[in-house]
Amino acid sequence: MAHWVTVWRAAQLVGVPRGALQQRVRSGEIELHDGLVSTETLLALYPQARLEESGLLERVVQIRDEAFGKRLRERVLPSQEVLSQRLFHQSQELADVQRHLQRYHALVLSLRERLRALDAEAGGSDPRFTEVLHQLSDGLARALATEPVDVLDVMDDMLKVVSAQVTVRPSGHQFTVEGRDSLLQAGMKAGLKLNYGCGNGSCGMCKVRVTSGQVARCMHSDYPLSETEKAQGYVLACAHTAASGELTLETLEAGGPEDIPAQTIVTSVRAVRTLAPDTMLLHLQTPRTHRLRFLAGQSVTLGLAGGDDAHATHPVASCPCDDRNLLFYVPRRADDALAVRLFGEALKPGDPVTVHGPQGRFVLDETPLPLVFAACDTGFAPIKSLVDHALSLDAAPSIALFWLATRPDGHFMANQCRAWSEALDTFEYSAFTHEDAAVGAGQVATAMRADLFGIDSAFYVAGPAPFVTALCADLLAAGVPPPQIRSEVLP
Ligand code: FES
């Protein structure tokens, strides 16, 4: 018998990006019922997800090509307390199902006895009694017969223990809680724009309402929830994790940059590293109790201590899911106060840097379209953040990244791009080099036309003005609708 699972869980079960499944839904290959996919359909489309024909436990861990076993082993397990709570809740559900089955079984047996008695009273002359009795006995035999287990159902049950599935209302977004992550950390890793402030249980901004499922406290919190809030099911997402395999939360998420408050945080330099002769990496770390909430692709203004009170605005290159560690790729420029300090070796680990922000609207839209990113030089910084975010969301059917460098050593994160491309079937990376950004943009556009001709995509372009202007003009000329092009001009 088929079981029904969400698209999110289905992607985990068969080991493909969620975007790839959604693409098959849109093309009609997968039919959804109430937003759920049948495991029969999944197995027909992904037969490699079947288990080996051996014992049950072995079947779960020795899956053909070991893909699922590997995915399970790679997961960091939750704490013993949370694991035992999830097992307890799952055992409760199983016990409940078992109790119901036993009652149904007893009911069917007593009905059969009663029918036999009625049949005997009627002298065995009424063929209707005989027919119903046969029907009942056949049905019972079929119900009690050993049938092959629904393998995806078994896998789903195991996944519920090691990684709980959370649904957020009213958005309908879903994410899984893995390892020892709090609900907030897990949601952010999945690319959700959840509301929060301190991240350590003292501001109350991450309040969510649990409408189904169970949670467990995973961190001490000072923020006092009122008795009414507790009675209504409110908890702090930063201080709780999922204690049941499925959980539904009610909370509002940020819709866009306008929902992210302006912040000022004194961070400290964690590291400074040369990425290329003309590009430095600056790694800032916020205090544990005061992290930067921002959206992928946004920038911040960095205030540098010292007599000249210097400021510089740079895009954050890291993922918003790691809100303590902020990375910046800083190009050598004489008119940039931060670059002057970095290349002059005047900024050292431990130095304070004030972060103001975030700013900017170069952020990822919620779209079912394939994503195409194009960067020139350190325009790769906001693109890197957007790619991280898109990978966390796991909703894009495919991602293509084009990176133009105007210097031979300009692809300072080429290894990272190649790693994405090698690890993900749906990720394409192409590198270009041309000293003239506008001419290079033309090469990128030609490659895009060759690779993406006819594919309806959302485009994100970042870099110096000549690159952005030339590439956007080319995209528009190729017929890409303006709302599907987002761009960010960097100095
Ligand atoms: S983010 Fe401040 S209490 Fe959770």
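Residues numbered from 1 in each chain as written. Predicted model: local features only at pLDDT ≥ 70, side-chain atom pairs only at ≥ 80, totals over all residues.

### Some details on the domain arrangement of the chain
Now for step 1: On domain assignment, one finds that the chain holds domain 1 (4-74), domain 2 (80-155), domain 3 (165-254), domain 4 (258-359) and domain 5 (371-489).
Now for step 2: On the side of domain 5, five residues touch domain 1, which itself brings six residues to the contact. (Domains from an automatic or database assignment. Contact = placed C-beta atoms within 7 Å.)

### Thoughts on helix 7 (residues 127-144)
Now for step 1: Spanning 18 residues, helix 7 covers 26 Å between terminal C-alpha atoms, matching the ideal 26 Å at 1.5 Å per step.
Now for step 2: Little of helix 7 is tucked away: zero of the 18 residues are buried. (Helix = DSSP H or I, 4+ residues; strand = E, 2+ residues; numbered from the N terminus. Expected span 1.5 Å × (residues − 1). Buried ≥ 20, exposed ≤ 12 C-beta atoms within 10 Å, placed from the backbone.)

### Comments concerning unusual backbone geometry
Now for step 1: Look at the link from Arg169 to Pro170: it is a cis peptide, with omega at 10°.
Now for step 2: Examined against the element boundaries, Pro170 turns out to sit in the loop between strand 3 (163-169) and strand 4 (174-178).
Now for step 3: A cis geometry characterises the amide bond from Gly357 onward to Pro358, with omega recorded as 5°.
Now for step 4: Looking at where Pro358 falls in the secondary structure, it is placed in strand 15 (residues 352-359).
Now for step 5: Backbone geometry at Glu345 places phi at a positive 55°, although glycine is not the residue there.
Now for step 6: Its place among the elements puts Glu345 in the loop between helix 11 (337-343) and strand 15.
Now for step 7: Even without glycine at this site, Asp377 takes up a positive phi of about 50°.

### Details of the environment of Val215
Now for step 1: Position of Val215 relative to the elements: it lies in strand 6 (residues 215-217).
Now for step 2: In sequence terms Val215 and Ala239 are 24 residues apart; their C-alpha atoms lie 9.9 Å from each other.
Now for step 3: If near-sequence neighbours (up to four positions away) are discounted, Val215 is found in contact with Val210, Val235, His240, Thr241, Ala242, Ala243 and Leu247.

### Comments concerning the sheet that holds strand 19 (residues 458-463)
Now for step 1: The sheet built from five strands is open, its strands ordered 18-17-16-19-20 with parallel pairing. Unpaired on one side and paired on the other, strand 18 (427-433) and strand 20 (485-489) mark the two borders of the sheet. Going across the sheet, the axis of each strand differs from the next one's by a mean of 10°, ignoring polarity.
Now for step 2: Across six bridges, the pairing between strand 16 (residues 371-376) and strand 17 (residues 399-405) is parallel. When the sheet's bridge partners are listed, Ala375 is paired in strand 17 with Trp403.
Now for step 3: Packed on one face of the sheet, helix 12 (residues 380-393) meets strand 16, strand 17, strand 19 and strand 20 and runs near 160° to strand 16. (Pairing = 2+ DSSP bridges. Axes fitted to C-alpha atoms, helices over the stretch in contact; angles between N-to-C directions.)

### Thoughts on the packing of helix 1 (residues 7-14) against helix 2 (residues 18-26)
Now for step 1: One way to put it is that helix 1 packs onto helix 2 with a least axis distance of 9 Å and a crossing angle of 115°. Between helix 1 and helix 2 lies a crossing whose hand is right-handed. Contact residues: Val7, Trp8, Ala10 and Ala11 in helix 1; Arg18, Leu21 and Gln22 in helix 2.
Now for step 2: Residues belonging to the contact of helix 1 with helix 2 are distributed by class as follows: five nonpolar, one polar and one charged. (Left-handed = near helix turned anticlockwise from the far one by under 90°. Nonpolar A, V, L, I, M, F, W, Y, C, P; charged D, E, K, R; others polar.)

### Some remarks on the sheet that holds strand 10 (residues 263-276)
Now for step 1: With antiparallel pairing, the six strands of this open sheet are ordered in space as 13-12-15-10-11-14. Sheet topology places strand 13 (311-315) and strand 14 (325-331) at the edges, where each strand pairs with a single neighbour. Each adjacent strand pair in this sheet contributes to an overall mean axis angle of 35°, direction not counted.

### Structural notes on the environment of Glu345
Now for step 1: Judged by the 9 C-beta atoms lying within 10 Å of it, Glu345 falls in the exposed class.
Now for step 2: Along the chain, Glu345 and Val272 lie 73 residues apart, while their C-alpha atoms are 9.0 Å from each other.

### Remarks on the nonpolar core
Now for step 1: Formed by 102 residues in total, the largest nonpolar core has its most connected members in Val166, Ala237, Phe373, Ala374, Leu401, Leu404 and Leu471.
Now for step 2: If near-sequence neighbours (up to four positions away) are discounted, Leu404 is found in contact with Cys376, Phe432, His434, Ala437, Gly440, Ala441, Val444 and Phe467.
Now for step 3: Among the nonpolar cores identified, the runner-up in size contains 15 residues, and Val14, Leu21, Val37 and Leu159 belong to it. (Core = buried A, V, L, I, M, F, W, Y, C linked by C-beta atoms within 7 Å.)

### What to know about the environment of Gln23
Now for step 1: Its place among the elements puts Gln23 in helix 2.
Now for step 2: Assessed through the 19 C-beta atoms surrounding it within 10 Å, Gln23 is described here as partly exposed.
Now for step 3: Considering only alpha carbons, one finds Gln23 and Leu275, 252 residues apart in sequence, at a separation of 37 Å.

### Considerations on the pairing of strand 11 (residues 279-285)
Along a regular strand, successive side chains alternate from one face of the sheet to the other.
Now for step 1: Pairing of strand 10 with strand 11 involves seven bridges; the strand directions are antiparallel. Each residue of the ladder has a partner; that of Val269, found in strand 11, is Leu284.
Now for step 2: Adjacent in sequence and paired antiparallel, strand 10 and strand 11 are bridged by two residues.

### Focus on the pairing of strand 3
Now for step 1: Most of strand 3 sits out of view: six of its seven residues are buried.
Now for step 2: With five bridges joining them, strand 3 and strand 4 adopt antiparallel strand pairing. Bridge pairing in strand 4 links Thr167 to Gln174.
Now for step 3: Joining the antiparallel neighbours strand 3 and strand 4 is a turn of four residues, in which Gly172 adopts a positive phi near 85°.

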